[in-house]
Structure formats: C-alpha cells, structure tokens
Amino acid sequence: MSTATRYKHLIAEIKKHDALYHTQDAPEISDADYDALRRELNKIEAEHPELVATDSPNKTVGSKGKSGFKKIKHAIPMLSLGNVFSDEELDDFLAKVARFLNRGEPFDVLAEQKIDGLSLSLRYENGKLIYAATRGDGMEGEDVTANVKTIDEIPQSLKGNAPKVAEIRGEVYMTKQAFAALNKAQEEADKPVFANPRNAAAGSLRQLDSKITAQRALKFYGYALGELSESVADTQQGIRDKIESWGFQVPEPHVVSSDRDSLLKFYQRIQEGRSKLAYDIDGLVYKVNDLDLQERLGFVSRAPRWAVAHKFPAEAAITRLNDIQIQVGRTGALTPVAILEPVNVGGVMVARATLHNEDEIDRLGVRIGDMITIQRAGDVIPQVLGYLKDKRPAGARPFKYPHTCPVCGSNAIREEGEVVRRCTGGLICAAQAVERLRHFVSRRAMDIDGLGEKIIQEFWDDGSVRSPADLFRLEEKQKGSLTPLNKREGWGDQSVRNLFDAIDARRNIELDRFIYALGIRQVGEATAKKLASHYGSFDALQKAMIAAKDESSEAFADLLNINDVGPSVADDLIGFFNEDHNIALLKDLRRYVTVQEFEAPDVGDSPVAGKTVVFTGALNISRDEAKAQAERLGAKVAGSVSSKTDYVIAGEDAGSKLKKAQELGVKVLSETEWLALIG
C-alpha cells in the first residue's frame, strides 16, 4: 500500500482509540499497541511532511472529564507532548527546532524525568492557592481544588516573593510503596485493585469525596508555569529554580546541555536506574532551555514545538491469542481486535490488542490459538509483534476476514487503494450510529457529562436516542415515559438531574466544537477550528459547502484555499453537507442547539487580525515560523492567492503566487515590510 494510504488509516485508527480511551473510558487495546500506532504515525510525518494532515492526532489533546466536577478554563492551554522513541528520532526533533529557528549555532536543552501521573495546574493569587484543575481537554479541566488541599506536598501558600498571579503546573503521582499498600487495602476490603500507580493516582485525585483523596498517599512534582502576572525567569532552568523556591518538589536529577551525546548519556543513565526509583517514570522530557526561543517556536495544535518526551523502550510478554473479533467504528471501518489470554506487561494487565486490518494479520501470519509476542511500546499500548513458530499448536486456525458487517449484515467493501474494509450500511448500521453518538457527546466535541459508552448504548437499545437531536428531547420524553430514568437500575433523582443539566448546558455551543461533533470524515479538531475561523458561522459554512459541490465555483476554490485543506478533505466536507439524511439531521438538531459565531482570539491591536495572508519565496526565517507568527497575531494563512487575499509576503525567488497577486491587484509586501507591519 502507499505511504499516504497507510497514513490515512493510522489517523482513523488513532482517533477511534483516542475516543474510546479518553471519552468513553473503554479502551479496546492496551497501552502498548496504541503507542505503536503513534510511533508509526510520527515516523511517516517526520519522513513525509507533505502528507501531514490538519486533523492529525498529533494536533489534538484530551481526556475524559468526570461527571460531578465543575469545569475550569485554563488561562493558557495545557497541551501534551510529542514523543520520540529512538536516538534518531531525537536527532530529528533537534534538527526541526534548528530549522524552524533558522539557526546554525547550538542551543541548550534541559532534560528531566517524565513522571507517570496526572497533570495538574495550580493557580495562586497573592501567594494563596485559589484553585486546582486537571488538564482535561487542554482548554478546560476539572475543578479538583478540595481534593488537592489534602495533598501535603502542595503548599496552600507560596514561600518567598511570588507574582500576584502564578500558575504552577506539574504531576500528581503515587509512589510504588504507597501503590502496593493501597492495593492491599483494596483487596482486604473486597474492592477492585488498581492496574498501576498512575491509574491509582488519577483515580484518587478525581474522587467526588475529598475524604477518600485524603486517605491516599499522593505526591506532586512541579515542572512548568502557566499564567504569570510578571516574568520570573528567562530559562527553563530558572523556572525550575523558582518553582522549588516557592515550596515545591521538582524531579531530580536533571541536566542542561547543548550536546546531543550528553543528553543521550543522561537518558541511558536514568533508564538503567529506573527500577530503583520510588515512583514510576516512562521516559525523559527535553525542553529548549531559552524561554525566548520557546516563544519563537510556539505550539502546534496538540503540543509545544520546543519540547518532546523521549519514551523508554517497550516491555514485551508472551501470551496466547484466544480469538480475533471484529469491531465496527463510526465511519464503518472493520477493525480486528486480538483477544488475549490476560498477561502482565510492564505492570499492566493486557487482554486485548488491535491487529489494525486484514493486511496486518496477513503480514504477521498469526492464527487463533498461537502463542504470540506482544509489547507495550513506550510504556503505553500493546502491539502484536508476531507468533512463536515452534510453539504453534496443531489446532491453530487462520482467521477468515468477514466481507459482511458483523453488526448489520451489510456488505463490507475495501475500496481500491484503501487498507480498511468498511460497512456500507451507513446509519442503518447500529454500530456506526452508536459510535457517531458517542463521538457527538465526547469530551472534545459537545462534551456532555454523564453520557459514556454504556449510557449511550442503553439509550440506543431502548430506543430513547437514535439521533443527536434526541438527546435534547430526552427530558421532555421522560415526562411521559412508563419507565423514566430515575426508576431504572443505576439511576437516581440526582444523577438524572445532573444528566439533564449537562445536556442543557450544551444547547449553546462553540462553532468549532459543533463542526467537530458532527463526525465528518477527516475533519478533526484542527480542521474544525480552521473552518470556523474561515467561515465565521455555521450558516455560512453550510451555504458554502452546498455551493462548492460545483468544482468550478468560487466556493470550491475558496475551500481549497484554506491552509492544509486538500481535495480529499474537501470531498468529505462537500459530501456530508449535500447528503439528504445529513441535511435533515442538521435541520432537526439546530432546532435545539444554538451554534455560536466564531470568536477570534484576543490578539490586542494586531494590524493583521482577520487578514488573509500568503507566504511565497525564500524568507530569512523559516516558512513554519512565519506562518505560526502570523496565526498568533490573528491572521489567516492561506495556501494560494485569490481575490480574498489581503497580503502576499514575497521572499526571494517568488514564483507563480507573486505573479497571480500582481494580476489580481493583491498588496505585495517584502519580508522587511511585513515585519514592520506586524511590529
């Protein structure tokens, strides 16, 4: 298969498992298999930057919020980190930083332990703790202030002189000794045990009853700062020093070096001594030390450009492949899942692993009944590596890949050039309908608390909810029901009220969230935000997509002019908005949901806010930095010149884009003029 085709398949697979893990709390595969998918995706993106999609999983971040906690919006987003798994990938990261900065001289990098815990942000005002919030989806998290106040290592007041506003960010964790004691107590009380210290720490911090949190031995390491009312340092090392001076523990040891070999020697040293640590770590974090360089590097949608996690090698185990089952996703993709004899891999019990697709099964040559080797790549998801040829049992049988959907019986076809076989049943397929509903309510989409996988399935099975609009009719429908929710097992008056309140809270929703919630193929969070920014309102988007059905129209050209929206994404968008059942679904849904117009971020007095700009030719700074700089100032960066372009910034050897700008009368700026304009 082509690299581009494999890349598209990886995006679909990762997005599916992100939703299962983060928003539904029901992963189908172990941590190791997931990281293997991520690693392959990263490799393709590193080797083929021209393929990188705007909805790449590397541009999103998120985790499930627990019903019962208030939400706190982060003043500065809490993003996750990209990963590297080898010396060569670290070299690539360092080279990318140098290219982005257009820099030949070395730069210092700070390396420190990556604590395996739960990310937390602590806000202090006038030195006093005001609130604590989990990372959540990166934009807003859960208010866990009451629970955090029970953790001895988190000061209620900062020591020394601190800014009027200071946000300290770090990791809540549990030591191995405390974890063992907790699990022993759980067993004695005939309660479920935790899989690992990380899960134990996360579960303990997110208790609705803070008395339970107080009984758990939680600890905290600080490693970064969020919002500050004044600058406190000019290096990452300076930030660590400040955090420590205010009364926090910071992970030790650490190093600062501009020498790649020194960084790798430190990595090797920490890896070799990892088992002797009192707590779990899953790698190192490298951060560009100079904060001015961090500012220039900025962020992509999901992660900072100036930092990366270097994960430790995978841990492996041998177990039996008991069965292969097919699961159907919201886009109709049939995904084979390996059902394993449960086995402990790196402290986690693994019972399932993805086999990706039928080509992967053929490549591995595995049969049901085989003894197979699995690994948890980067201490995260389980990946099937292959089978033990000398231990193949006589009864091992090949898996016959179905050509019909196991849920609805419709034909499952594999289009030319695709690695995925898809059910053709569409919305008549219960699996696809349920998965689309789960996506609609998920954390990064409509974000409706209390509607997890089991509840959506329950509502689907009893006929209460068959479409997104049914969710907003649910309360009214319950009034006349013979079996109202509060009379069903597992439901009480308060839980029902909480659900209806959570649904009501999303009757008014941001444009980009609504677009993402619709589950349009290839439209992830990043693409949804670009569409929201470009069109401004849902009505304008819908009208444009109907007009863009004519590929000779200005609307079609305008769609393709959105930076990183290519023909394939355009086809999926146009197809969605021109299908009769989707038109009816949107009309029904918008009777209950008000979609806000796009609100551009506050960029102060930026002279280019809302302007459409195109860069062409060779610039003194890298093209990536130029685009990032423009977007931070509120400009829209387009890939081609049109009559709607406000500025073309032309460097040396500018070609066809400059010529077209001149023909259309678009204002052309040199790089010097552009820099003067933006100050």
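Each remark here, short or long, concerns the structure printed above.
Overview of the structure. (Residues numbered from 1 in each chain as written. Predicted model: local features only at pLDDT ≥ 70, side-chain atom pairs only at ≥ 80, totals over all residues. Heavy atoms only, no water.)

Regarding the overall build of the chain
Along the backbone of the chain there are 24 helices and 24 strands. Taking 679 residues into account, the globule formula puts the C-alpha radius of gyration at 26 Å, and the chain, at 26 Å, falls close to it. Across its three principal axes, the chain shows a C-alpha extent of roughly 75 × 65 × 60 Å. The burial tally for the chain puts 54% of its 679 residues in the buried class. Taking the intrachain contacts of the chain between residues at least 6 apart in sequence as the baseline, contacts between residues at least 24 apart amount to 70%. (Helix = DSSP H or I, 4+ residues; strand = E, 2+ residues; numbered from the N terminus. Rg over C-alpha atoms; globule rule 2.2 N^0.38 Å. Buried < 20%, exposed > 50% of the residue type's maximum accessible area, 1.4 Å probe, protein only. Contact = heavy atoms within 4.5 Å.)

Examining the nonpolar core
Counting residues in each nonpolar core, the largest one holds 59 residues, and the members touching the most others are Leu 451, Phe 472, Phe 514, Phe 538 and Leu 559. Per element, the largest residue contribution to this core is six residues, and it comes from helix H20 (residues 567–577). The residues touching Phe 538, leaving out its near neighbours within four places in the chain, are Leu 511, Phe 514, Ile 515, Leu 518, Phe 577, Leu 586, Arg 590 and Val 595. Residues Leu 129, Leu 158, Ile 168 and Leu 225 belong to the second largest nonpolar core, which totals 35 residues. (Core = buried A, V, L, I, M, F, W, Y, C linked by side-chain atoms within 4.5 Å.)

Topic: the sheet that holds strand E24 (residues 667–670)
Strand order in the open sheet formed by four strands is E22-E21-E23-E24, with parallel pairing between adjacent strands. Every interior strand has two partners, whereas the edge strands, strand E22 (636–637) and E24, have only one. Sheet topology note: the strand E21 (residues 612–616)/strand E23 (residues 647–650) ladder contains four bridges and is parallel. Within E23, the position partnered with Val 613 by the bridge is Tyr 647. Helix-sheet contacts for helix H24 (residues 671–678) involve E21, E23 and E24, and the interaxial angle to E24 is about 95°. (Pairing = 2+ DSSP bridges. Axes fitted to C-alpha atoms, helices over the stretch in contact; angles between N-to-C directions.)

What about helix H17 (residues 525–535)?
Along H17, the positions that sit buried rather than exposed are Glu 525, Ala 526, Thr 527, Ala 528, Leu 531, Ala 532 and Tyr 535. Lining the buried residues of H17 we find helix H16 (511–517), helix H18 (538–547), helix H19 (554–560) and H20. Trailing H17 by a residue or two, Gly 536 shows a phi angle of about 85°, which is positive.

So, the pattern of salt bridges
Following the criterion strictly, the structure yields 46 salt bridges and no others. Here Arg 438 and Glu 435 are joined by a salt bridge, their closest N and O atoms 2.6 Å apart. Here Arg 438 and its partner Glu 435 are both found in helix H12 (residues 430–441), three residues apart, which amounts to about one turn of the helix. For Arg 438, a relative accessible area of 8% gives the class buried. Since its relative accessible area comes to 16%, Glu 435 is described here as buried. Put simply, Arg 488 and Glu 458 hold a salt bridge, and the shortest N to O gap is 3.2 Å. (Salt bridge = Lys/Arg side-chain N within 4 Å of Asp/Glu carboxyl O.)

Re the layout of surface pockets
Quantified by volume, the second largest pocket comes out at close to 920 Å³. Lining the second largest pocket are 36 residues, with Gln 432, Arg 436, Glu 579, His 581 and Asn 582 positioned closest to its centre. Counting residues per element, the ones that place at least two in the lining of the second largest pocket are strand E18 (422–423), H12, helix H14 (468–479), H20 and helix H21 (580–589). Among the residues forming the lining of the second largest pocket, the class breakdown is 16 nonpolar, nine polar and 11 charged. (1 Å grid on protein atoms, 1.4 Å probe; cavity = no way out; pocket = protein on both sides within 12 Å on 5 of 7 lines; lining within 4 Å. Points joined across faces, edges and corners; volume = space filled by probe spheres on them. Nonpolar A, V, L, I, M, F, W, Y, C, P; charged D, E, K, R; others polar.)

What about the environment of Gly 329?
Mapping Gly 329 onto the fold places it in the loop between strand E12 (315–328) and strand E13 (334–345). Judged by relative accessible area, which is 7%, Gly 329 ranks as buried. Each C-alpha atom of the pair Gly 329 and Gly 634 lies 36 Å from the other, and the pair is 305 residues apart in sequence. When neighbours within four sequence positions are excluded, Gly 329 is seen to be in contact with Gln 432 and Glu 435.

Notes on unusual backbone geometry
Both trends apply: most residues other than glycine have a negative phi, and most peptide bonds are in trans. Cis rather than trans, the peptide bond between Glu 252 and Pro 253 has omega equal to 5°. With respect to the helices and strands, the residue Pro 253 is situated in the loop between helix H8 (236–245) and strand E9 (254–257). A positive phi angle, near 55°, is found at Asn 102, a position not held by glycine. Tracing the backbone shows Asn 102 in the loop between helix H3 (87–101) and strand E3 (109–115). With a phi angle near 70°, His 356 is a residue other than glycine that sits in the positive phi range. In this fold, His 356 is placed in the loop between strand E14 (348–354) and helix H11 (358–364). Relative accessible area serves as the criterion here: at 7%, His 356 is assigned to the buried category.

Observations concerning the sheet that holds strand E5 (residues 128–134)
Pairing within the open sheet is antiparallel, and its four strands lie in the order E5-E4-E7-E8. Two strands lie at the open edges of the sheet, namely E5 and strand E8 (218–228), each paired on one side alone. Adjacent strand axes in the sheet meet at a mean angle of 30°, parallel and antiparallel pairs treated alike. As paired strands, strand E4 (residues 118–125) and E5 are joined by six bridges and run antiparallel to one another. Across the sheet, residue Ser 121 finds its bridge partner in E5, namely Ala 133. Helix-sheet contacts for helix H6 (residues 197–205) involve E4, strand E7 (165–174) and E8, and the interaxial angle to E7 is about 130°.

Here's the deal with the packing of H14 against helix H15 (residues 493–504)
Interaxial distance between H14 and H15 falls to 9 Å at its minimum, and their mutual angle equals 140°. Between H14 and H15, the angle falls in the class oblique. With respect to the hand of their crossing, H14 and H15 are arranged in left-handed fashion. Facing H14, whose interface residues are Leu 471, Phe 472, Leu 474, Glu 475 and Gln 478, H15 presents Arg 497, Leu 499, Phe 500, Ile 503 and Asp 504. (Parallel < 35°, antiparallel > 145°, perpendicular 65-115°, else oblique. Left-handed = near helix turned anticlockwise from the far one by under 90°.)

Observations regarding the side chain of Asp 143
Relative to the elements of secondary structure, Asp 143 occurs in the loop between strand E6 (140–142) and helix H4 (145–148). Notably, Asp 143 is buried but unbridged: the nearest opposite-charge side chain belongs to Lys 70, and the N-O separation is 4.0 Å. In terms of polar contacts, Asp 143 uses its side chain to reach the side chain of Thr 145, at 2.6 Å. For Asp 143, the residues in contact, after removing those within four places along its chain, are Phe 69, Lys 70, Ile 72 and Ala 132. (Lys, Arg positive; Asp, Glu negative; His and termini not counted. Polar contact = N/O pair within 3.5 Å; in protein donor to acceptor, adjacent residues only side chain to side chain.)

Some thoughts on the packing of aromatic side chains
For any two aromatic rings, the description comes down to two numbers: the centre-to-centre distance and the angle of the planes. Scanning all chains against the criterion turns up 13 aromatic pairs. Taking the centre distance of 5.9 Å and the plane angle of 85° together, the rings of Phe 399 and Tyr 401 count as edge-to-face. Put simply, the rings of Phe 514, Phe 538, Phe 576 and Phe 577 pair up and form one aromatic cluster. (Phe/Tyr/Trp six-rings, centres within 6.5 Å; stacked < 30°, edge-to-face > 60°.)

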